[in-house]
Structures are given as C-alpha cells and as structure tokens.
Amino acid sequence: MKKLSFSTLALSLCITATAETSMRMLTFGSEMGPGITEPGIMGFGISPNGRYVCGSIEYAAGIFIGDLETNKMFYSVSDSDEGAQLLNINNTGEAIGFEGDAGILFNIDEKETFLLSSDKSSYIIGQDISEDGRVQVGTLVSESFQTYPAYSNDGGVWEILNMPDIDFGYFNQKQVAARYVSNDGKLILGNVGTWGPAILWRLNDAGEFIPDPIFDGYLMMTREDIEKPYFRFTPEGMSPDGHYVLIEVCTYDGEVYSPTMPAVYDTRTKELKVYDEAQNIDSYEFGLHPTAIDNNGTFIGMLGSGSFNMGAFIMYAGKTQAQMYTEAFPEYADVFECLDMGGYHMPADISADGRYILGNGWYTPSEDPMADDAVYYFMTYVIDTDSQSRVEDLNDENTNAIPMEYYTLDGIRLDSPAKGLNIVKMSNGSFRKILK
C-alpha cells in the first residue's frame, strides 16, 4: 500500500442562504479534486454537532473529511482496487472506515491510522466511532469471509462481541456486524445477516458488552408465539445519545409482503413504535426505508430501496406522516426532483439536534435532465434547517406581527405575494415563508 498524500480544498456554497435555511453542495473547488469531475463526492456521515462530514470520492477512489465551519476539505487518494470509504465521523473530526483490506481512522489533522485486528481475521471494516474516539465498532472479516461484530476500546486490538444465547432461526450467524455506537460508547448496535434482526450490546458495570436481542418478541422467524410478527427487523441507525434505535420492518402473511415500514425502538423504555400508517405520498407501495435518526426522534430515509429509490423523506418527531424532501424543503425542490429522477438519492445522516441533514445522489446541472447529453455525477449536499423550512402560518396566535414586505427566494422585492413560495418580512423584523 502506497503512502497517501493529503491536500486541503474548499467547500463551495451552491445555493444562497435564505432567511431561514441554507444548502451547500460539497465540491473540490476550482481544483476539482484528483482527476474527477465536479462535485464527485459521496457524503456518508455527519458529526453529531453538525460541523464535520465524511465520505468517499466518486467511485470509492479515496476518502475525504469536510469542515463546514472553516470550509476546508481534507482528502486522500487510494490506490487500492477495492476502494476506500469513511462511514462515520465524531465531533472532533475523527472518521472511521476502510481502505482496501485495511480498516482506517482519518482525521482533520491529516493523520491516518490503521486498525489492529486479531489473528483470526484478515481485515476490518470500520463502521462507527464514539465522541471521544475511545470506542470504535465494525466488522472483523476472517480468511473464510465469515464476519464478526467487533469493537476496540482505547485504540487496542479489536475484540469480537458475544452473541446472545438464542435461536436465530434461518438467519445466517456467520454474517454478523456491529454498525453503530452511541456517543458515550456504552451502546453498540448490530445485525445478523443481510436482513437479519437487530442486536443491541449494552455496557455493564463490569465493563463488558452484554448482548440484548431487541428483536425477541417481534420477529416471526425466531418465535411463533408473538402477537405482531415481523418478517424483517433490520437496524438502520441509532441516535447519537443512544436513546433511539431505527429499525426497518415488514410483515408477511404467507403470500404477500407488506411495504417496508420504519420503526423506532426506545432503548430506555424498551418500547417499539412502528410507523404502519398508510402514507399520503405517491408510490408508498414501494415502502419507506429509514436511514438515520436524531436525538429527538426525527428520522430520514428514502422511498423504495437503496439500489433504486424515488426520493428522500423526513419523519418529524411526534408525526405519523412522512414528508418528501420536495415538500419539506420546497426552496430546494428543483435539486431534489433532479436527484430523485436519477434513481439514487441517499439521505445519509442527520446531526444530533436535527439541524443538519447530509445526503448524496446522482445530479445534473442540465436544464433538461432527460436530454441525451445530460451528464450526471455524484453530488453531496448539507441542509442547514435552522428555523426549519416548513411553511409557517402567518396567523400564529403567539405573535401580533403582520406582513410588511414580500420577496422572491432570490431576494427580488415584490408588490404582493407571487404564485409559489415567498419570503415575507414581518413587522417585528422576522422573516417567514408563505406558499401561495
């Protein structure tokens, strides 16, 4: 493996901030990166505080970390045929992933550290890292390609997590992974098999991770005496504070599979909430596939599967109806419609407080996305949802402010509201949005 070189490049602001929200498209600036077309990067993880992002250069050609506060990007080009990815990043700017057959840590000081595996494994796939970097989790892959859920404490050699003494039915126990860790390093979330059930490991007072099979009592393939059996119970995310586990479930009656549905497991009360209400969105029959959740219980996901989907959605905490991004963030509807049309739009991660949302997908700047000469490339975006971009009611009983001035989204003053979304300056100096 060659010695990697590092550079610092700029993040560009693609869409001008409105009074309430802003959206960035991450690029390699004028240098365009290591021989690729713009923007050419896939963001996979955002730090809980929303400052740092990480991911892969297009086609896994390398790895990158972006600092949204300083508008700097740090990247490394890989010469491995198997590619490289950074999957998650903590609040100190330390990210975890893999390059070729080696697990890696990479940080904003341009330092790369290779993860140490045990003798029985051939390589590590780093998946997540705690806030202080002390606990790292991922997958050990043996020479026979059996995978084990594993973790490292204080930078030591990775250890395999114990499995629960329970019948897993037909699920493949030779393919187990650890995928997420809470900020404090006390909870680890993983899964058995590709569609297998979720397992939660809890750190006890003796410093041992004890497996908690949270699927027990829900999964039809492991028990027959349960009231609401699910055919799938797949972990898809965990809130940074470890309060919520995000699950994808579906039912099967012997003939028909239901659409996939999001579910949220409360690790404190040990209660499961399934979002099984029919959704008022087009193509709901393809199912909702959740991808990330914040500390408040708001989660994001995609309509359809990861390989081909029809757009991103957000389910706000306390709500039961999802909103597609084109509805939740109408000022960016053109961008999201283009991403959705590309057939791959990945809502990748959300910050701990829900303010920042990271995603990537196929995008084209062409005026006609269906044109033969339209060129698509990977685009990564970050939405700052401060004050939220949802349409607000101007007759809010909590304020006596009245509309004073109207503007288009690009700042042109209007005599009266125009058709579509308008920015309104209120008599108390605040700004709001109205949809006419």
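The structure displayed is predicted, hence computed values, not measured ones. (Residues numbered from 1 in each chain as written. Predicted model: local features only at pLDDT ≥ 70, side-chain atom pairs only at ≥ 80, totals over all residues. Heavy atoms only, no water.)

**Here's the deal with the overall build of the protein**
Alright, step 1. Counting its secondary structure elements, the protein contains two helices and 34 strands.
Alright, step 2. Out of the 436 residues belonging to the protein, those deemed buried represent 56%.
Alright, step 3. Partitioning the contacts of the protein with sequence separation of at least 6, the portion at a separation of at least 24 is 48%.
Alright, step 4. With the model as given, the accessible surface of the protein reaches about 19500 Å², and the carbon-plus-sulfur share is 46%. (Helix = DSSP H or I, 4+ residues; strand = E, 2+ residues; numbered from the N terminus. Buried < 20%, exposed > 50% of the residue type's maximum accessible area, 1.4 Å probe, protein only. Contact = heavy atoms within 4.5 Å. Areas by Shrake-Rupley, 256 points an atom, 1.4 Å probe, with all protein chains shown as cover.)

**Brief notes about the side chain of serine 130**
Alright, step 1. With respect to the secondary-structure elements, serine 130 resides in the loop between strand 12 (121-129) and strand 13 (135-142).
Alright, step 2. Non-local contacts of serine 130, meaning those with residues more than four positions away in its chain, are made with Asn90, Val135, Val181, Ser182, Asn183 and Gly185.

**Details of helix 2 (residues 333-341)**
Alright, step 1. Residues of helix 2 that are buried: Ala333, Val335, Phe336, Cys338, Leu339 and Asp340.
Alright, step 2. One or two positions beyond helix 2, positive phi appears at glycine 343, with a value near 85°.

**Focus: the confidence of the model for the protein**
Alright, step 1. Scored by pLDDT, the protein comes out at a mean of 81, with 80% of its residues at no less than 70.
Alright, step 2. Low pLDDT, under 50, characterises residues 1-6; the predicted model gives this stretch 20 contacts beyond four residues in sequence or across chains.
Alright, step 3. Throughout residues 12-19 the model reports pLDDT below 50, and contacts reaching past four residues in sequence, or to other chains, amount to 13 contacts. (pLDDT = per-residue confidence, 0-100.)

**Quick look at the layout of surface pockets**
Alright, step 1. Each pocket or cavity is described by its volume, and for the largest pocket that value is around 1200 Å³.
Alright, step 2. A class-by-class count of the residues in the lining of the largest pocket yields 23 nonpolar, 21 polar and six charged. (1 Å grid on protein atoms, 1.4 Å probe; cavity = no way out; pocket = protein on both sides within 12 Å on 5 of 7 lines; lining within 4 Å. Points joined across faces, edges and corners; volume = space filled by probe spheres on them. Nonpolar A, V, L, I, M, F, W, Y, C, P; charged D, E, K, R; others polar.)

**Some thoughts on the pairing of strand 29 (residues 356-363)**
Regular strands show a simple pattern: their side chains alternate between the two faces of the sheet.
Alright, step 1. By the criterion of burial, strand 29 is predominantly enclosed, with seven of the eight residues buried.
Alright, step 2. Relative to strand 29, strand 28 (residues 345-350) runs antiparallel, the two sharing five bridges. Counted as the bridge partner of isoleucine 350 is isoleucine 357 from strand 29.
Alright, step 3. Counting the residues that bridge the hairpin from strand 28 to strand 29 gives five residues, and of these glycine 354 lies at a positive phi of roughly 80°.
Alright, step 4. In terms of strand pairing, strand 29 meets strand 30 (residues 377-384) through eight bridges, oriented antiparallel. The residue of strand 30 that forms the bridge with tyrosine 356 is aspartate 384. (Pairing = 2+ DSSP bridges.)

**With respect to the pattern of salt bridges**
Alright, step 1. Considering all chains together, one arrives at nine salt bridges under this definition.
Alright, step 2. Aspartate 67 serves as the salt-bridge partner of arginine 51, at 2.9 Å between the closest nitrogen and oxygen. With arginine 51 in the loop between strand 4 (41-46) and strand 5 (52-57) and aspartate 67 in strand 6 (residues 62-67), this pair connects stretches of sequence that are 16 residues apart.
Alright, step 3. Overall, arginine 51 belongs to the partly exposed group, its relative accessible area being 24%. (Salt bridge = Lys/Arg side-chain N within 4 Å of Asp/Glu carboxyl O.)

**Focus: the sheet that holds strand 19 (residues 209-212)**
Alright, step 1. Strand order across the open sheet formed by four strands is 16-17-18-19, with antiparallel pairing between neighbours. A strand with exactly one partner marks an edge of an open sheet, and here the two such strands are strand 16 (176-181) and strand 19. For this sheet, the mean angle separating the axes of adjacent strands, direction not counted, is 30°.
Alright, step 2. Two strands pair when backbone bridges link them, and strand 18 (residues 198-203) and strand 19 are joined in this way by four bridges, in the antiparallel orientation. Bridge pairing in strand 19 places leucine 203 opposite phenylalanine 209. (Axes fitted to C-alpha atoms, helices over the stretch in contact; angles between N-to-C directions.)

**Details of the environment of phenylalanine 233**
Alright, step 1. By the secondary structure assignment, phenylalanine 233 is in strand 20 (residues 232-238).
Alright, step 2. With relative accessibility at 0%, the residue phenylalanine 233 sits in the buried group.
Alright, step 3. Separated by 35 residues in the primary sequence, phenylalanine 233 and alanine 198 place their C-alpha atoms 6.3 Å from one another.

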